[in-house]
Structures are given as C-alpha cells and as structure tokens.
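A look at the structure
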Amino acid sequence: MSSAFELTYPKSQQPSVSSNQTLHPRLLQAPVVLKTSGVTKSYRKGKVEVPVLRGVDIEVVEGEFQAIVGASGSGKSTLLHLLATLDRPDSGEIYFEENRIDNLPAASRDILRNRYIGMIFQFYHLLPELTALENVLMPVMINHGIVSYMLQRRKFRKRAKELLDLVGLSHRLKHRPREMSGGEMQRVAIARSLMANPRLLLADEPTGNLDRSAGDEIMEIIHELNSNYDVTIVMVTHDMSIAARADRTVRLAEGRVESVSFQS
Amino acid sequence: MYKLLLSWRYLKSRYIALASIVSVTLGVATLIVVNSVMAGFSDEMHKRLHGILSDIVIRSHDLNGLPDPEWHMDEIRQILGDDIKAMTAAIQIPAMINFRNNIQGQWITQPITLIGVDPSTYGAVSDFSEYLLHPENREQLDFLLKENSYGLGKRERFPVSGWARRRVSAEWEQDAVKTQTDTLELDASDIPPSPFPLVDDSGVEGRGETVAGLAEGQVHGAATQAVDEPQLIFDPATEQHTGIILGISICSLRGRDADGEVMDYYFALPGDDVKITVPNSGQPPKAVSDNFTIVDFYESEMSEYDSSFAFVPLAKVQDLRGMVDVQSGTKSVSTIQLKLREGTDLNTVKEKLQIRFPIQQFGYQIQTWRDMQGPLLAAVQLETTILNILLFLIIAVAGFGILATFFMIVVEKTRDVGILKSLGAPSGGVMSIFLGYGLSLGTVGSGVGLVLGLLFVDNINIIAGWIEKVTGQEVFDPTVYYFNQIPVIVNPVTCVWVVLGAITIAVIASILPARKAAKLHPVEALRYE
Ligand SMILES: Nc1ncnc2c1ncn2[C@@H]1O[C@H](COP(=O)(O)OP(=O)(O)O)[C@@H](O)[C@H]1O
Ligand SMILES: [Mg+2]
C-alpha cells in the first residue's frame, strides 16, 4: 500500500499547515474549503474549566480526503462539531469557503448545515420512525415548506432513490432503521448526507461501530465519493489503516495539532 | 414538511400518548352531554315559564286591584303602540278549593291561586291554551264542559270525563239519594261504588263519542239565569256550573302502581263539581264561595303552577268578590298582562311603564317574566356555569397528564432532536413538531370526545333505558320531573368552544416540552444515548 510521509513538530510550536507542498499534486492548486485558526473550546465541569481544544489550526482543500486522528478524548468529535457549526468555539475563527462561520447567527448556521455540510456519525443517527427513503429525504424536507416540497416531490424522491442505489441499498427503501444492519444504516446515513449535494462531508468515526467487512464496505463508498464524485471529506477515525489512505492526516493530542502527515 | 411527517409518525408510533388524551376525550364528551342536557332543561323551563307567564305583568299590590282596566289598557297602548301583540286583564287571588275525592269519597280542601281570565284574550298573551287537555279548548277556550275526548293528543289514557262522566255521575248520585231515603239510615258503606274506573285505565272505550243533542249543556249559575229563576231545579246531568280549569296536580297525583308503572290517580275529573272559596273585597274580607264545574285541566308540566293554578272567567270572579265600583260601574282587575312583539327589549318596556305608572302614585309592581322567575333561572344558570368550570378543570387535569407524557417523549426523542438540528432544522421547527404533536393529539382526543358526546346525547333516552334495566333504578323519574324524556339541545357554538378549549389545553400542555426540545443543545443531544 502507499506509505505515509510524516512531519513532527515540537509540542509548543504551531505547525504550519498552510504549507501544502506535500499535498497530493492534484490538490495543490485546489481552493481552501475549510480553515480554522486558533480554535479553542473548553467544557465546564462544575467549577473547573476543562480545556478540550487549546488552539487548533487546520485547513481542508477542495477534493481532499482528510483524516483526523488522536487518542480517545483528545477532542476530535468536539472539533468536528465546531466545523459543522453545531457548537461555537470559545475563541479562534473558522472559515468555510472564505466566509467566517463560527459567529454566524443560528438561522444561517442552520442553512449551512442543511445545504453545504453533510455529516455522518459513528451511531448512524437515523430517525427511527422513518423509513430509509424518508430518512434520506429529511434534508430536503427541512429545506422546503410543504407546498414547495410537494411540488418537487418526484424529483426529490428520484434523487433519494439514486443515492440509495449508489450506496447499494435500492432494495431497502421502505425499511425502518430497526430492520437494518449497522452497515446498512450507515449507508442510509451517507445517502442522507449527500441529499442536499453538500460541498463538505464531515464523518465522525463512521466505521467505529461496524465489523471489519462492513467497515471496509463503508470506506469503499466514502473513497468512491471522494475520488469519483469529488466530495471533500473530513473524517475522524481511530483506524490507522484508514488514515493511511487519506490525502492528509491531522493528529490531535492534548487539544492541539500534534502532527500533520501527507500521503506521498 | 418534516414537522408534519414527524408529528404524524410520533402520533402513530406512540399509543401511550393517545392514552394520555383519553381524559381529554372523556372530558369533552362529558362537557357536551352535560351542556346539552342542561340546555335542554333550561330551554324547556324557559319556554314553559315564558309561556305561562307572558312577557310583562303589571300587578296591583292590593288584592282588590287596579280599577278601570280599560283606561289602563288605553294608556299602555299609547305608550307602547305597535310593540304590543296582545294584552289582557286578569285577577289573581288566593282561594280555597273544596271537592269530593273520587277514590275514597272524602272531601279535599286545598289552597289554590284562582285566576280570573278573559277567555277571548287570555290565550293570546301566553301559551295558556296549549296546556289544556281538551283539543277544542286548545283551539278556543269557552269554559263549557265538553262531551268527552279529554287528553286527546296529550294524555292518551285519560279516563272518561266531561258530559259523558257527568251524566253517569248524576244518575249514581240520584240512586245514592234514593237508597238513603229508602233505608233512612245512612251508612257510608251502602253507597254504591263509583261506576268509573278511578284511575286512568288502558283502553278506555267510547272515548270521543258524542251523544246527539247533549254535546253542549247549559250553564247554570251564570248571573242572568240564576237570579231570575231561583226556583229552577239544577239538573246536573244536563247543566253545568260556571266552568273552572284546574291545574292538573290539584286533583291528581302521579305515582306508581304495583308493577312500578307510572300511573296518574285522579281525585276529580272534568265533569265533576268543586266549591271555591275566595275572600271578598269587603273590609275586612269575608269568605264567599260558589260551585264550579271542572271543564278542563291545565298541564304546564311545571309542578309549581300545575298544583296551584285554577282558571275561571274573569267576570265571575269580579261578581263573586264584588269588585265593582259602585259609582262608575267599572270592574277592577288585579293584573294586566302583555305580550310584546318578538325581539322587543322587555326591560326598556318595563322602564317606560314604570315611568307612566310611578310606584308612589299607583303602587303597581311591573315585572318581566324573567324577574318573576329570576331566582330559578339564575340557579339553573349558576349550576350550568359551575358544572362547566368543574368539567373544564377535569380537562385541565388531563392537560397535566399530557404535559408529563410529553416531557417523557421529549426525553426519549432527545437524540432525534440532535439529528434534526444537525441536518439544519431550526429550533422553531423542532418546537413546532412537538406543538403539532400536541395539536394533533388534542384534535384527535376532542374529536373523538365530540363524536362520543353527540352520540350519547342523541341516544340519551335509550341509554337511560339501558341503565334502568341494568341497575333497576330509574334514571329519569317522570313522577319527579314531569318530562317523559330527557330534554336535550345541542348547541353547536358550545360544542365548538368545548373542542377548541380542549385543543388549546392540549397545545398549552405541549408548549413547555416543545420548548425544552427546541432548547436542547444539538451536541449534547447527539451524544445522548
Ligand atoms: N458536554 C461536555 N461536558 C464536559 N466535558 C465534555 C463534554 N463533551 C465532551 N467533553 C470532554 O471533552 C473531551 C473531548 O471529547 P471528544 O471530542 O468527544 O473526544 P473524542 O471524540 O476525541 O474521543 C473528553 O474528555 C470529554 O470528556
Ligand atoms: Mg468522538
């Protein structure tokens, strides 16, 4: 398989992530989709402030497959939630396509999550009362009022079916999450995240809850999305073999970017 | 769009929530039933009271009344003009009735309210005629005894009455007298039994028969005849005294026979004679009495009236009591009753009359029918209001049930809320899912309640019948209420209010949980397992 070239920085020093000399040549000219600078976040436990992120700078370019790794509790999920505007950083800035998004009003962040950023999770997070097809349709249902949705219903359903077909689930349209395996649920979740045709896909350990083969199938789909459909992907993972295939791997430790490595 | 879909799916997948609105359903159903029955009762009562009482009554404080009714009526006509539909003068005085009990033979004495009425106009100011038992009297009142056919169309099992009864009765009386003189010893047990079935018996034959030439009898005791020919022997078989219409409960009791069937026992019937004693207009009043022949019964189904009112011709009372002004020759009356055009405001009319007849000068009491029955109507109104408040409290209690259930559901759905927010659903949208859920629960609950309530009301008498059969206890005792059926009126406006109220309570109860859901932090919600 491909070997990874790794750079290591002293802990106190900030890594220069903007030097993309070592990114894959196809990405060298690509515009920056996502960029953070000095993002910090801490949680309160009673009276004690527990710092989780102590100043994180990362950069994601269009078409890139970026992996974020780190020990459990190192703040990977927290960072991903900040990127998805599900939460606000205590300080620092986050840019999405050159627009600052960390301080947007709630309504704008809702729109951003609805149309521009797709997410998948370790625990799939499907709505249990809805069928696979309805789950996939959820983003457009949220985006459109009842009249507008009904008018474009056919178009939406067609796209949802195509996406389910893409992830290999065209035979499970009417199934509820309860009636599906973990791998199938994750595939529905992927189809849902693509429904609004987002610019960026954030994935939080999507294979973390799956067995080897199901996890491999999911990774195949994600790689295919990245290489065939040019979806920009930021994926948190534990699995070093997955990280090894990423264009860039960011390692978090103690709330900072410990190292950044590139696929050669 | 998603709000609708999710509210609907939550509704379908969570039957426990439906259980929480059963109380709403029951509350709504009960409210509708109670309101319909109460409305039925009070409407029936209003109708009766209004029918009996006429719109406005001017009553003199003095029993000897207001003199010169014609002058008063002219004055009133001038004040009110076209608003008057009908007007009549009457006398209302306390009296004693005295008659022979058919069943046991002893004499019965009772206090009554004697009302002297003008037969030609009295029927127009109130629903008086409607409540008479003889169909001809309902058409046109004349205080003459009819052949038979009493109760036609009202009390189908009414015993033989009228001339048919009077003739047999007179014959029997003669026999009794003969027996008495023959044996020279009077013993009550010797009196032959009455030839009539004394209680109303099923299938009275020959009702409605008329005997040729005897359909109408002569009135005995009408001033002209009696004074001129004092020697004339009164023949009860063909003559009658002045007619009197008795409230039906004065001489009947409603009870049950051995089988528990509701039965009416009549102590006297149309065709029988009674004695009336009234105070005359002297100073101090002395008792004067005269004979009357019962020509009909009055059944308003308001026990208060049925057990005290007795109607006789106005002129007869005036003569009996001596209510004639010696100088002018005018006869006084004690009340003037008015029927006004539909929609006239009774209170303004009352005020106008009060201005024309000030108390200082005339001492008249001027009342609308509502004033007269004010306490009763107010009591019914109060009862309805209190019941409504109590029942709405029940629905409010149901609201707390919904509140608790909804909090549980929101906790259970925490992760879903996180998911929806991660997909870009705004907080308002999440809130409206749960509000919509509350709304649909409220709608379903009160809708079912409405249907149940209406079905119940529609079949209330059948249901009362079942309950009677099962428990062996009468739900609606006609000997108490005088209605044979439970009266109901479904007021659509009330139904709409009840349903809207219940839905509102369900929605209000879902506001807090919905807000809690909307305020959930998406990250917390997503981490929630
Ligand atoms: N709501 C919270 N309150 C307090 N501490 C939290 C909260 N959420 C996360 N943390 C803490 O923040 C740290 C980072 O969490 P997380 O980002 O989930 O780590 P990872 O995904 O890398 O395992 C952990 O130590 C965790 O306990
Ligand atoms: Mg994590």
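Residues numbered from 1 in each chain as written. Chains lettered and ligands numbered in written order. Predicted model: local features only at pLDDT ≥ 70, side-chain atom pairs only at ≥ 80, totals over all residues. Heavy atoms only, no water.

Looking now at the overall build of chain B. Counting secondary structure elements, chain B contains 20 helices and 13 strands. When the 529 residues of chain B are sorted by exposure, 48% land in the buried category. Pairs at least 24 residues apart make up 76% of the contacts formed inside chain B by residues separated by at least 6 positions. Summed over all atoms, the accessible surface of chain B reaches about 25200 Å², with 59% contributed by carbon and sulfur. (Helix = DSSP H or I, 4+ residues; strand = E, 2+ residues; numbered from the N terminus. Buried < 20%, exposed > 50% of the residue type's maximum accessible area, 1.4 Å probe, protein only. Contact = heavy atoms within 4.5 Å. Areas by Shrake-Rupley, 256 points an atom, 1.4 Å probe, with all protein chains shown as cover.)

Next up on the list: unusual backbone geometry. Geometrically, the link from Gln283(B) to Pro284(B) is a cis peptide bond, its omega value of -10° lying close to zero. Mapped onto the fold, Pro284(B) is located in the loop between β9 (273-279) and β10 (287-298). Phi at Tyr124(A) takes a positive value of approximately 65°, unusual for a residue other than glycine. Relative to the helices and strands, Tyr124(A) resides in the loop between β8 (117-120) and α3 (132-143). Judged by its relative accessible area of 8%, Tyr124(A) is buried.

To continue, consider the pairing of strand β12 (residues 256-263) of chain A. Residues and elements named next belong to chain A. Of all the 8 residues making up β12, 6 are buried; the element is thus mostly covered by neighbouring parts of the structure. Bridge analysis of strand β11 (residues 248-253) against β12 gives 6 bridges, and the strand direction is antiparallel. Bridge pairing links Val250 to Val260 in β12. Between β11 and the antiparallel strand that follows it, β12, lie 2 residues; Glu254 among them carries a positive phi value of about 50°. (Pairing = 2+ DSSP bridges.)

Another point: the site of ligand 1. Near ligand 1 lie 13 residues; those nearest to it are Gly73(A), Lys76(A), Ser77(A), Thr78(A) and Arg527(B). Ligand 1 sits at the junction of chains A and B, each of which supplies nearby residues. Thr78(A) places a polar side-chain atom, nitrogen or oxygen, 2.5 Å from an oxygen atom of ligand 1. Contact distances for ligand 1 include 3.2 Å between a nitrogen atom and a side-chain N or O atom of Glu524(B). Protein chains shield 75% of the accessible area of ligand 1, which is 560 Å² for the free molecule. (Near = heavy atom within 4 Å. Polar contact = N/O pair within 3.5 Å; in protein donor to acceptor, adjacent residues only side chain to side chain.)

Moving on to the packing of aromatic side chains. All names here are of chain B. Under the defined criterion, the tally for this structure stands at 15 aromatic pairs over all chains. Between Phe309 and Phe311, the ring centres sit 5.9 Å apart and the planes meet at 85°, which makes this aromatic pair edge-to-face. When sorted by exposure, Phe309 lands in the same class as Phe311, which is buried. Where Phe357 meets Tyr364, the ring centres are 5.9 Å apart and the plane angle is 55°; that geometry is what we call tilted. Each member of the pair Phe357 and Tyr364 is classed as buried. Taken together, the aromatic side chains of Tyr122, Phe128, Tyr131, Tyr298, Tyr305, Phe309 and Phe311 make up a single cluster linked through ring pairs. Of note, Lys316 hangs over the ring of Phe292, and the distance from its end group to the ring centre comes to 5.7 Å. When the ring centre of Phe357 is taken as origin, the NZ or CZ atom of Arg356, which lies over that ring, is 5.3 Å away. (Phe/Tyr/Trp six-rings, centres within 6.5 Å; stacked < 30°, edge-to-face > 60°. Lys NZ or Arg CZ within 6 Å of the ring centre and 35° of its normal.)

Residues and elements named next belong to chain B. The interhelical angle for the contact between helix α1 (residues 2-13) and helix α16 (residues 427-458), taken along N-to-C directions, is 50°, at an axis separation of 8 Å. In terms of axis orientation, α1 runs oblique to α16. Crossing of α1 against α16: the hand is right-handed. Facing α1, whose interface residues are Tyr2, Lys3, Leu6, Ser7, Tyr10 and Leu11, α16 presents Gly429, Val430, Ser432, Ile433, Phe434, Gly436, Tyr437, Ser440, Leu441 and Val444. (Axes fitted to C-alpha atoms, helices over the stretch in contact; angles between N-to-C directions. Parallel < 35°, antiparallel > 145°, perpendicular 65-115°, else oblique. Left-handed = near helix turned anticlockwise from the far one by under 90°.)

Time to look at the nonpolar core. Met138(A) and Phe434(B) are the most contacted members of the largest nonpolar core, which has 132 residues in total. By residue number, the principal contributor to this core is helix α19 (residues 492-519) of chain B, which donates 10 residues. Not counting chain neighbours up to four residues away, the residues in contact with Phe434(B) comprise Tyr10(B), Phe406(B), Ile409(B), Val410(B), Lys413(B), Val417(B), Ser510(B), Ala514(B) and Ala517(B). Within the second largest apolar cluster, 80 residues are counted, among which are Leu132(B), Leu133(B), Tyr150(B) and Phe311(B). (Core = buried A, V, L, I, M, F, W, Y, C linked by side-chain atoms within 4.5 Å.)

Residue and element names in this part refer to chain B. The pLDDT averaged across chain B works out to 80; a share of 88% of its residues lies at or above 70. Across chain B, the secondary-structure element scoring lowest on mean pLDDT is helix α8 (residues 223-228), at 44, and the one scoring highest is strand β11 (residues 309-313), at 91. Segment residues 200-218 is flagged for pLDDT under 50; beyond a separation of four residues in sequence, or across chains, it makes 41 contacts in the model. Confidence drops under a pLDDT of 50 for residues 220-229, and excluding neighbours within four residues, the segment shows 10 contacts in the predicted structure. Listed scores for the predicted complex are pTM 0.65 and ipTM 0.88. (pLDDT = per-residue confidence, 0-100.)

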